[in-house]
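# Tertiary structure, described
Spelled out from the first residue to the last, the chains are:
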Amino acid sequence: MIKLNEDILKIEDQNEFFTASKYVREYKANNPDKKVISLGIGDVSKPIAKPVIDAMHNAVDELASMKTFKGYGPSHGYDFLKDAILKNEYSKYSFSRDEIYISNGTKTDSCSILELFDKEMKICAVSPIYPIYKNGAACLNRKIEFLKATEENDFLVDIPKEHYDLIYLCSPNNPIGIAYSFDYLNKWVDYALNNNAIILFDNAYYAFIQSNDVPKSIYEIKNAKKVSIEFRSFSKSNSYTGVRCSYFVIPNEIYSDINEVWKKRTINRFNGADYIAQKGAEASYLPESQKEIKENIHDYMNHVKILKAFFNEHGFKVFGGDDSPFLWVKLRDGESSWEIFHKYLEKLNVVVTPGIIFGKDGDNYIRISGLASEETIIEAMERLRGYYEK
Ligand code: PLP
């Protein structure tokens, strides 16, 4: 008899996510005269930089002639993009092309990396959590144990006493919006060295880091090359959420055959990221692109600053937002995240993300995003002020 994967059927927070989207859809359908705006999205609101667009146009033109046509590319990415990443992102660490992989999104990569490891590996992650690690692991019949990040531990979980083989860390963090300092990551690298463990470091939001005591890459931590796989994405910095391109590093120092094994896996499971997306990603390192990208990040961080000041002024405890586009706002008077979600949607026509989507430990919080457009931020602020200051 056919049996479906029970672990997928049991995924809960996906339901919460769909429920939130359904409420918004239904509210809009029943109230077509209302202008619903969102501070909930993790998507971007800026277009792709002009030189990146130009590079993608050129790549499309190449496909129009068999002289320059590109068919299947390398499963682990074109050398031109690997070289651009090695030069612009990792020149300090002397990685080789063989240690870097181009892919189509950190969502995919942060889960599929589990295929590199034995099913018995003991995995932990921090809760509240970007749900994809947990749900992606479930799809692969793997289970994750959780370490609770709470206000009491400043959302920095204690380094565990027990043994784990694989540790998911996300910095800058989604949903909490904080980023891990050199000191804190040093402790995790020490743990990994002492436990023969590997840190799966989701660094998708590294471009938003502003603080000097926060490393932009885990490899800034001494010996991290021996114990860390780092994931990065062009999604948020490049406005590539719809184009899809990401990369990750598996250092040879982790384990002697690790890259041979992963290449074997990748050749059999993936036909490579889109050529056009990779050409655009390469062009994102041009100085003119970098200028636009930095301006975009600056604007998003400004939005976050405005939102943070507002919630602080109105008596909410607010976490994050210094090195990430997200704020983690603690609700007052025992309100649940669903209650405030409905209140904001129905009274203000503003969508926020209920913290429960990131697990039960998030139920007393909402996630607010600064990735919305300036126009949306201004309008949301007017509505929030109208509500709290009347
Ligand atoms: N990792 C985190 C922590 C995220 O918040 C997101 C997207 O929201 C991703 C990864 C997904 O990135 P990508 O668009 O590269 O799949």
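Residues numbered from 1 in each chain as written. Predicted model: local features only at pLDDT ≥ 70, side-chain atom pairs only at ≥ 80, totals over all residues. Heavy atoms only, no water.

Attention shifts here to the overall build of the chain. When its secondary structure is counted, the chain shows twelve helices and 13 strands. Relative to the compact-globule value of 21 Å for 390 residues, the chain shows a C-alpha radius of gyration of 21 Å, a close match. The C-alpha extent of the chain, read off along each of the three principal axes, is 60 × 55 × 55 Å. When the 390 residues of the chain are sorted by exposure, 56% land in the buried category. Of the contacts formed within the chain by residues at least 6 apart in sequence, a portion of 74% connects residues at least 24 apart. When the accessible surface of the chain is summed, it comes to about 18,000 Å², and 51% of that surface belongs to carbon and sulfur atoms. Where the 50 positive side-chain charges of the chain centre and where its 56 negative ones centre are 2 Å apart. (Helix = DSSP H or I, 4+ residues; strand = E, 2+ residues; numbered from the N terminus. Rg over C-alpha atoms; globule rule 2.2 N^0.38 Å. Buried < 20%, exposed > 50% of the residue type's maximum accessible area, 1.4 Å probe, protein only. Contact = heavy atoms within 4.5 Å. Areas by Shrake-Rupley, 256 points an atom, 1.4 Å probe, with all protein chains shown as cover. Lys, Arg positive; Asp, Glu negative; His and termini not counted. Charge placed at Lys NZ, Arg CZ, Asp CG, Glu CD.)

With that out of the way, let us pick up empty space enclosed by the protein. The full count for this structure, using the stated rule, is one cavity of 30 Å³ or more. Here the largest cavity is characterised by a volume of approximately 60 Å³. Ala125, Val126, Pro128, Ile129, Tyr130, Tyr133, Tyr168, Leu169, Cys170, Asn173 and Asn174 are the residues that line the largest cavity. Where the lining of the largest cavity is concerned, the elements lending two or more residues are strand E3 (123-127) and strand E5 (166-170). Examining the composition of the lining of the largest cavity, we find that three residues originate from one element, E5, more than from any other. Here the lining of the largest cavity is composed, by residue class, of nine nonpolar, two polar and no charged. (1 Å grid on protein atoms, 1.4 Å probe; cavity = no way out; pocket = protein on both sides within 12 Å on 5 of 7 lines; lining within 4 Å. Points joined across faces, edges and corners; volume = space filled by probe spheres on them. Nonpolar A, V, L, I, M, F, W, Y, C, P; charged D, E, K, R; others polar.)

Once that is clear, we can look at the site of the ligand. In the region of the ligand, 13 residues are neighbours, and Asp202, Tyr205, Ser233, Ser235 and Arg244 sit closest. One of the side-chain N or O atoms of Asn174 is found 2.7 Å from an oxygen atom in the ligand. The side chain of Arg244 places a nitrogen or oxygen atom 2.7 Å from an oxygen atom of the ligand. Out of a free accessible area of 400 Å², the ligand has 90% covered by protein chains. Because more than half of its atoms lie within 2 Å of the grid, the ligand is assigned to the largest pocket. Considering only residue class, the shell around the ligand consists of four nonpolar, five polar and four charged. (Near = heavy atom within 4 Å. Polar contact = N/O pair within 3.5 Å; in protein donor to acceptor, adjacent residues only side chain to side chain. Sits in = over half its atoms within 2 Å of the grid points.)

A separate point is helix H8 (residues 258-269). Taking 1.5 Å per residue, twelve residues should reach 16 Å; H8 reaches 16 Å between its end C-alpha atoms and fits that length. Looking only at H8, the buried set comprises Ile258, Asn259, Trp262, Lys263, Arg265 and Thr266. Buried residues in H8, looked at end-on, bunch into an arc of 165°, giving them a common side. In this structure, H8 carries Lys264, Ile267 and Asn268 as exposed residues pointing more than 90 degrees from its buried face. Structurally, H8 contributes buried residues whose contacts are with strand E2 (100-103), helix H5 (106-112) and strand E8 (246-249). (Expected span 1.5 Å × (residues − 1). Arc of directions from axis to C-beta.)

Further remarks concern the packing of helix H4 (residues 79-88) against helix H9 (residues 275-283). Two elements in contact, H4 and H9, have axes whose closest approach is 9 Å; the angle formed by their N-to-C orientations is 30°. By the angle between their directions, the pair H4 and H9 is classed as roughly parallel. Crossing geometry of H4 relative to H9 is assigned as left-handed. Between H4, through Phe80, Leu81 and Ala84, and H9, the contact on the second element is made entirely by Tyr275, Gln278, Lys279, Ala281 and Glu282. For the contact of H4 with H9, a count of residues per class yields five nonpolar, one polar and two charged. (Axes fitted to C-alpha atoms, helices over the stretch in contact; angles between N-to-C directions. Parallel < 35°, antiparallel > 145°, perpendicular 65-115°, else oblique. Left-handed = near helix turned anticlockwise from the far one by under 90°.)

It is worth spelling out the environment of Val352 at this point. Position of Val352 among the secondary structure elements: in the loop between strand E11 (350-351) and strand E12 (353-354). Classification of Val352 as buried rests on a relative accessible area of 2%. Apart from residues no more than four positions distant in its own chain, Val352 is found in contact with Leu39, Gly40, Phe341, Tyr344, Ile366, Arg367 and Ile368.

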